[in-house]
Amino acid sequence: MTPEAPHIDWAGLSPIVALTAGGIVVLAAGLFRGAWLRRYGVPLLTLLTLGATAGLSIWQWGEDKAIVSRALAVDDLAMFLNLLFCAGAIAAVVLALRDSSPEESGHGEWHALLISSVLGMTVLASAQNLVVVFLGFELLSIPLYVMCATNLRRSKSLESGLKYLIVGSVGSATLLYGLAMIYGATGATGFEQIATALSSQAGLIDDPLTLTGIGLIVVGFCFKVSAAPFHQWTPDVYEGAPTPVTAFMAVATKAAAFGAFVRLFDVALIDAATNWSPLLAAVAVASIVVGNVGALTQTSLKRLLAWSSIAQAGYMLAAVVVADREGVEALAFYLAVYLVMNLAAFAVIVARERETPFGDDIRSLAGLGASRPALAWPMTLAMLSLAGIPATAGFIGKFTLIGATVDGGYTWLGVAIVVGSMLSLYYYLRVVAAMWLSDVPVPAAREPVPAIAGGSPELDAAADPEDGAGQDAGPDRPVSQAEATAVAVLFGAATLFFGILPSPLFDLARDAGSALGLL
Amino acid sequence: MDIGWYLAVSALVFCTGAGGVLVRRNPLVILLCLELMLNAANLALVAFARMHGSGDGQIFALIVMVVAACEVTIGLGVIVAIHRRRLPVDVDELRELRG
Amino acid sequence: MFVGLGTVVGAAFALINSYLGPRRPGRMKADPYECGLPSEVKEDFRFGISFYLVAMLFILFDIEVIFLYPVAVQLKAFGTFALIETIVFISLLAVAFVYVWRRGALEWR
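Residues numbered from 1 in each chain as written. Chains lettered and ligands numbered in written order. Predicted model: local features only at pLDDT ≥ 70, side-chain atom pairs only at ≥ 80, totals over all residues.

### A closer look at the overall build of chain B
The condition is simple: Starting at the N terminus, helices and strands are each numbered in turn, a helix being any DSSP run of H or I of at least four residues and a strand any DSSP run of E of at least two. Three exposure classes are used, based on other C-beta atoms lying within 10 Å of a residue's own C-beta, which is placed from the backbone: buried for 20 or more, exposed for 12 or fewer, and partly exposed in between. Any two residues are considered in contact once their C-beta atoms, placed from the backbone, lie within 7 Å.
Across its full length, chain B holds three helices and zero strands. Helices and strands in chain B line up, N terminus first, as α-α-α. Out of the 99 residues in chain B, the part that is buried amounts to 47%. The long-range share in chain B, meaning contacts at least 24 apart out of those at least 6 apart in sequence, stands at 47%.

### So, helix α11 (residues 243-268) of chain A
All names here are of chain A. This is how it is decided: Given the number of residues in a helix, its expected span is that number minus one, multiplied by 1.5 Å. Here the bend at a residue is taken as the angle between two axes, fitted respectively to the seven residues that end there and the seven that start there.
Look at α11: 36 Å from first C-alpha to last across 26 residues, which is about the 38 Å you get at 1.5 Å a residue. Along its length, α11 reaches its greatest deviation from straightness, about 25°, at Met249. Buried residues dominate α11, accounting for 25 of its 26 residues.

### Considering the interface of chain B and chain A
Condition: Here the term charged refers only to Asp, Glu, Lys and Arg, the term nonpolar to Ala, Val, Leu, Ile, Met, Phe, Trp, Tyr, Cys and Pro, and the term polar to all other amino acids, Gly among them.
Taken together, the contact between chain B and chain A spans 34 residues of the former and 32 residues of the latter. When contributions to the side of chain B that touches chain A are tallied by element, the ones reaching two or more residues are α1 (3-23), α2 (27-52) and α3 (56-84) of chain B. With 14 residues, α3 of chain B is the single largest residue contributor to the side of chain B that touches chain A. Broken down by class, the residue content of the side of chain B that touches chain A amounts to 25 nonpolar, five polar and four charged.

### With respect to the environment of Gly259 of chain A
All names here are of chain A. Tracing the backbone shows Gly259 in helix α11. As for Gly259 and Glu239, which are separated by 20 residues in sequence, their C-alpha atoms are 25 Å apart. Excluding its chain neighbours within four sequence positions, the residues that come into contact with Gly259 are Leu77, Leu81, Leu124 and Ala125.

### Regarding unusual backbone geometry
All names here are of chain A. Look at Ser69: it is not a glycine, yet its phi comes out positive at around 50°. Mapped onto the elements, Ser69 comes out in the loop between β1 (65-67) and β2 (72-74). A positive phi angle is found at Arg70, which is not glycine, with a value near 60°. Look at Arg70 and you get partly exposed, because 14 C-beta atoms sit within 10 Å.

### Overview of the nonpolar core
Residues and elements named next belong to chain A. In plain terms, the rule: What we call a nonpolar core is a set of buried Ala, Val, Leu, Ile, Met, Phe, Trp, Tyr and Cys residues whose membership is set by joining through C-beta atoms within 7 Å.
Membership of the largest hydrophobic core comes to 246 residues, with the highest contact counts inside it found for Ala318 and Ala347. For this core, the leading source of residues is helix α14 (residues 325-355), giving 22 residues. Sequence-distant contacts of Ala347, defined by excluding residues within four places in its chain, comprise Leu95, Ala484, Val487, Ala488 and Phe491.

### A word on the environment of Ile67 of chain A
All names here are of chain A. Looking at where Ile67 falls in the secondary structure, it is placed in strand β1. Take Ile67: there are 21 C-beta atoms within 10 Å of it, and that puts it in the buried class. When near neighbours in sequence (up to four residues on either side) are disregarded, Ile67 contacts Asp9, Gly12, Leu13, Leu72 and Val74.

### Some details on the packing of α14 of chain A against helix α21 (residues 482-500) of chain A
Residues and elements named next belong to chain A. Condition: In this description, a line fitted to the C-alpha atoms serves as the axis of each element, helices being fitted only across the stretch in contact, and the angle between N-to-C directions of two axes falls anywhere from 0 to 180 degrees. Under this scheme an angle from 65 to 115 degrees is roughly perpendicular, one under 35 degrees roughly parallel, and one over 145 degrees roughly antiparallel; angles in between are oblique. Here is the rule for handedness: rotate from the far helix to the near one, and if that takes an anticlockwise turn smaller than a right angle the crossing is left-handed, while a clockwise turn gives right-handed.
Their axes nearest at 8 Å, the elements α14 and α21 cross at an angle of 150°. As judged from the angle between their axes, α14 and α21 are roughly antiparallel. In this structure, the crossing between α14 and α21 has a hand that is left-handed. Between α14 and α21, the residues in contact are Val337, Val340, Met341, Leu343, Ala344, Ala347, Val348, Val350 and Ala351 and Ala484, Thr485, Val487, Ala488, Phe491, Gly492, Ala494, Thr495 and Phe498, respectively. Here the contact of α14 with α21 is built from residues that sort into 15 nonpolar, three polar and no charged.

### Considering the confidence of the model for chain A
The condition is simple: Confidence of the prediction at every residue is given by pLDDT, a number between 0 and 100.
Per-residue confidence for chain A averages 87 on the pLDDT scale, and 91% of its residues sit at or above 70. In this model, residues 445-477 of chain A is a region of pLDDT below 50 whose contacts with residues beyond four sequence positions or in other chains number 45 contacts.

### What to know about the packing of helix α16 (residues 373-387) of chain A against helix α18 (residues 411-436) of chain A
All names here are of chain A. At a minimum axis distance of 8 Å, the contact between α16 and α18 shows a crossing angle of 170°. Of the possible angle classes, the one that applies to α16 and α18 is roughly antiparallel. Two secondary-structure elements touch here, α16 through Ala376, Met379, Thr380, Met383, Leu386 and Ala387 and α18 through Ser421, Ser424, Leu425, Tyr428, Val431, Val432 and Met435. Here the residues of the contact of α16 with α18 sort into ten nonpolar, three polar and no charged.

### Some points on the environment of His83 of chain B
All names here are of chain B. Counting through the fold element by element, His83 comes out in helix α3. For His83, a count of 19 C-beta atoms within 10 Å corresponds to the partly exposed category. Separated by 19 residues in the primary sequence, His83 and Val64 place their C-alpha atoms 28 Å from one another.

### Topic: α2 of chain B
Taking 1.5 Å of rise per residue, the 26 residues of α2 of chain B would be expected to cover 38 Å, and the 37 Å separating its terminal C-alpha atoms lies within 8% of that figure. Just beyond α2 of chain B, the residue with positive phi is Gly53 of chain B, at close to 65°.

Structure follows, in structure tokens:
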């Protein structure tokens, strides 16, 4: 056997190459002495890299090919998810512009870590080989562990980093052991060969090796998507990590993990579906219940969103269980919607964390409706959308999810989603009520904050992000948070837009859904 | 020799590691136990590669080794950072974020 | 079956150990740690940061070289392609090295 020099498809590889090169350039740029370059040049380079990656992904739309010995798939699902990762990372960079975490850990390092995490997600989203799945997962997670701990002076941040590292590594190790079992059972690492082996060899589906492998893989994935029995780390890590990192982690990691999840189970292990679908369905229901019940009593917004993300992971798992084209479509659509509404909510949290002494406590939102409508409306829309109220994107997303479960013969899962959403109304509406119904609290720690009342200049700034950049007030006065407000308004508007006019996003999701070649 | 023995050892090592992660409280020891889990998977991979007579498992194991080293290095880095903040190096005492 | 076997062997080891092992209970043994770092940092404790830093960097650069091994095995078959691959790989490592160096991580403090 003489291997030949492989043919390299540079076009298909281009998003990955762009991210790698961008990461190196950003890391190097962080070494230069000029403070201006480090503070603004590095984020700018990062945004350029992410923009280029998004552009290359759009360029590769509709190509539908497999590259690098069929280990990476360049198809619409992968490219769709690439766009989501880039959107999440761009939002994180913008939100972190004035955050203390890049300051403390070094701008070059922080942004290079962000880019390498996106690189891992890109690899994972197109992984078609067990080795690449593991590699992508680690490339995604390891930078995130560090990013959680980048608020070096805040012990909560360090603690969340260590916790995430330990829990995440246990998840990776379990996943790896499961992958090893699947390799042992089928003798292949490529998804297509695994599928062929499972369908052609009799009895292999019920082989104990395969079953153990599937079980361990499910456990490993559940750690990563924070699904029910393995969700304990989520609230702690979400709360402790710097908020821009939390925002990125919440939306992008989920998209990447679900991308790999759906590809692995619906392509490689599709013939063993009778064995894994009851397991996944149980995990989905458990996540919906645990997440929604856990969120009921939270007073910290980041913890509330963490519990809600556990519940949302349950909703999305239902789409994986269905294992048909409609399910993948619904999953892709919901991932995009989830990104939009969560980024809107996290942007508001970032802004309020810097403006009030309450941190991410729900009190920081009190009276926001009267004082800062530009922040209150996006948050309201995000909460209503997460709850699934009509005329928001979340409603359409849930509607497609439920439709997919009913058509796929899992009506009871659809019922679970509906019941979970009804339960979730309570805590989402509590946030909305805090904004519109309660008065501005008197801050206990610091002197009363006068700028909260004068909303009009901020309002104008919010409409136009370019305008607000010059409004930096001194450290004593609360800063207007133009860029965070802009992110909030943008994604809040997107939540409303996709709620009323979902067809453009739906067309993209349909392309992504048909990429896996399912019925 | 039957592959079952290799797998038995591998499963044993994996369970030792998993148990250690759950029971031990020193993060350094937990990192060691994580290494055990990953290396158990490596052993299984190499054994399977031998069974199937293909190189895929061996390459997989090489990659896992590198990744494991990176993971542990990051873990050590975070622990060093915690040490510099003089926080207790004991996962049970890291209670600021209520579990 | 393998899992069952693994569990049995694991349990056997654990049990045999507690039955056959020598019993020397003592204060040291009753402490939560028999090995590893003491759990409390003493007042005048100085962590050898440089030591850890260099050790970690050594591990990373050391282990990366493992990727050259499969290339070495198949060197003849791949020819020029292997050479280019190796050069790309080494230059990436060199970038990492330059970064570490410029960041001052190699200075002994």
